[in-house]
Structures are given as C-alpha cells and as structure tokens.
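Results of the structural survey
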Amino acid sequence: MIELTRLNQKPLTVNSDLIKFVENTPDTVITLVSGEKFVVLESAEAIVEKVVEFRRRLLDGLLFNGLSSPSSMMNGGKEGNGERRRHSEDSDQKE
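Remember, it's a predicted structure, so these values are computed and weren't measured experimentally. (Residues numbered from 1 in each chain as written. Predicted model: local features only at pLDDT ≥ 70, side-chain atom pairs only at ≥ 80, totals over all residues. Heavy atoms only, no water.)

Further remarks concern the overall build of the chain. When you go through the chain residue by residue, the secondary structure sums to 3 helices and 5 strands. Looking at the chain as a whole, 21% of its 95 residues qualify as buried. In the chain, the proportion of contacts linking residues at least 24 apart, taken out of those at least 6 apart, comes to 33%. When the accessible surface of the chain is totalled, it reaches about 7,200 Å², and 53% of it is carbon and sulfur. (Helix = DSSP H or I, 4+ residues; strand = E, 2+ residues; numbered from the N terminus. Buried < 20%, exposed > 50% of the residue type's maximum accessible area, 1.4 Å probe, protein only. Contact = heavy atoms within 4.5 Å. Areas by Shrake-Rupley, 256 points an atom, 1.4 Å probe, with all protein chains shown as cover.)

Written out as structure tokens, the structure is:
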C-alpha cells in the first residue's frame with residue numbers, strides 16, 4: 001500500500017497492485033484495474049518511486065524473515081546444487 005494525497009489535501013492509501021496506469025495530465029490521474037479513477041497531488045514519477053520502494057521493502061522482508069535466501073536469489077532459485085556438486089566431488093576423490 002502506498003500513501004498519496006488527494007487534491008483536497010486528504011490522505012489516500014492505495015493498493016499499488018491495483019494500479020492499471022498513471023497519467024500526467026495537468027493533474028495526476030490514477031486508474032485502477034476496476035476502472036475507478038482519482039486525482040492526486042503527487043507526480044507520476046513520485047508514484048512510481050513509492051511503488052518501487054514499497055515492493056523493495058516487501059522483498060527485503062521476505063529475505064530477512066528467512067522465507068528466501070540471498071544465495072537462492074543469486075542462483076536463480078536453484079538451492080542445493082552446490083551441496084550435490086560437493087557430494088559428487090567427494091565421491092570422485094574417494095575412488
């Protein structure tokens with residue numbers, strides 16, 4: 001969820017997953033996947049930055065809570081390959 005501001009200065013919290021697109025007309029218009037539209041004070045660029053920051057915080061939370069590991073992200077999600085490789089190398093040395 002991201003915090004935005006309506007033209008009347010009232011705060012608005014938006015589920016960023018539901019944003020279909022953002023337009024910079026004279027005012028910034030957000031269109032949701034439902035077709036609902038509303039106007040906010042923030043620029044399209046500022047909204048994109050807020051969405052990126054929100055998703056970055058979500059992913060950081062997944063990494064730091066042990067739901068995923070940085071090494072699995074670096075290996076494309078292929079965990080355990082290094083373990084198998086080491087095991088096969090060990091068996092080769094024993095022969």
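Further remarks concern helix H1 (residues 44–64). Note that an α-helix has 3.6 residues per turn; residues three or four places apart therefore point the same way. Compared with the 30 Å implied by 1.5 Å per residue over 21 residues, the 30 Å span of H1 between its first and last C-alpha is a close match. If you check which residues of H1 are buried, you get Ala44, Ile47, Val51 and Phe54. Buried residues along H1 cover an arc of 95 degrees about the axis, so they all sit on one side. Exposed side of H1, more than 90 degrees from the buried face: Glu49 and Phe64 are the residues found there. At its buried positions, H1 is contacted by strand E1 (2–5), strand E3 (19–24), strand E4 (28–32) and strand E5 (37–40). (Expected span 1.5 Å × (residues − 1). Arc of directions from axis to C-beta.)

Of the two faces of strand E2 (residues 11–14), only one is covered, namely that formed by Leu12 and Val14; the face formed by Pro11 and Thr13 stays uncovered. Between E1 and E2, which pair antiparallel one after the other, the connecting turn spans 5 residues, and glutamine 9 there sits at a positive phi close to 75 degrees. (Pairing = 2+ DSSP bridges.)

A negative phi holds for most residues other than glycine; trans holds for most peptide bonds. Non-glycine residue glutamine 9 carries a positive phi angle of around 75 degrees. For glutamine 9, the location among the structural elements is in the loop between E1 and E2. Residue class for glutamine 9 comes out exposed when judged on its relative accessible area of 55%.

So, about the pattern of salt bridges. If you walk through the whole model with that rule in mind, you get 2 salt bridges. Salt-bridge contacts for arginine 55 lead to aspartate 17; the nearest nitrogen and oxygen are separated by 2.9 Å. With a gap of 38 residues between them, arginine 55 in helix H1 and aspartate 17 in the loop between E2 and E3 connect regions that are remote in the sequence. Overall, aspartate 17 belongs to the exposed group, its relative accessible area being 53%. In this structure, glutamate 53 engages arginine 56 in a salt bridge whose closest nitrogen and oxygen atoms are separated by 3.4 Å. On the criterion of helical spacing, the pair formed by glutamate 53 and arginine 56 is a turn pair, its members being 3 residues apart in helix H1. (Salt bridge = Lys/Arg side-chain N within 4 Å of Asp/Glu carboxyl O.)

What follows deals with the side chain of threonine 28. Of note, threonine 28 is situated in strand E4. Side chain to side chain, threonine 28 and asparagine 24 meet in a polar contact 3.2 Å long. Separated by 2.7 Å, the side chain of threonine 28 and the backbone oxygen of glutamate 42 make a polar contact. Apart from the residues lying within four places of it in its own chain, the contact partners of threonine 28 are Val22, Glu23, Phe38, Val39, Val40, Glu42, Ser43, Ala44 and Ile47. (Polar contact = N/O pair within 3.5 Å; in protein donor to acceptor, adjacent residues only side chain to side chain.)

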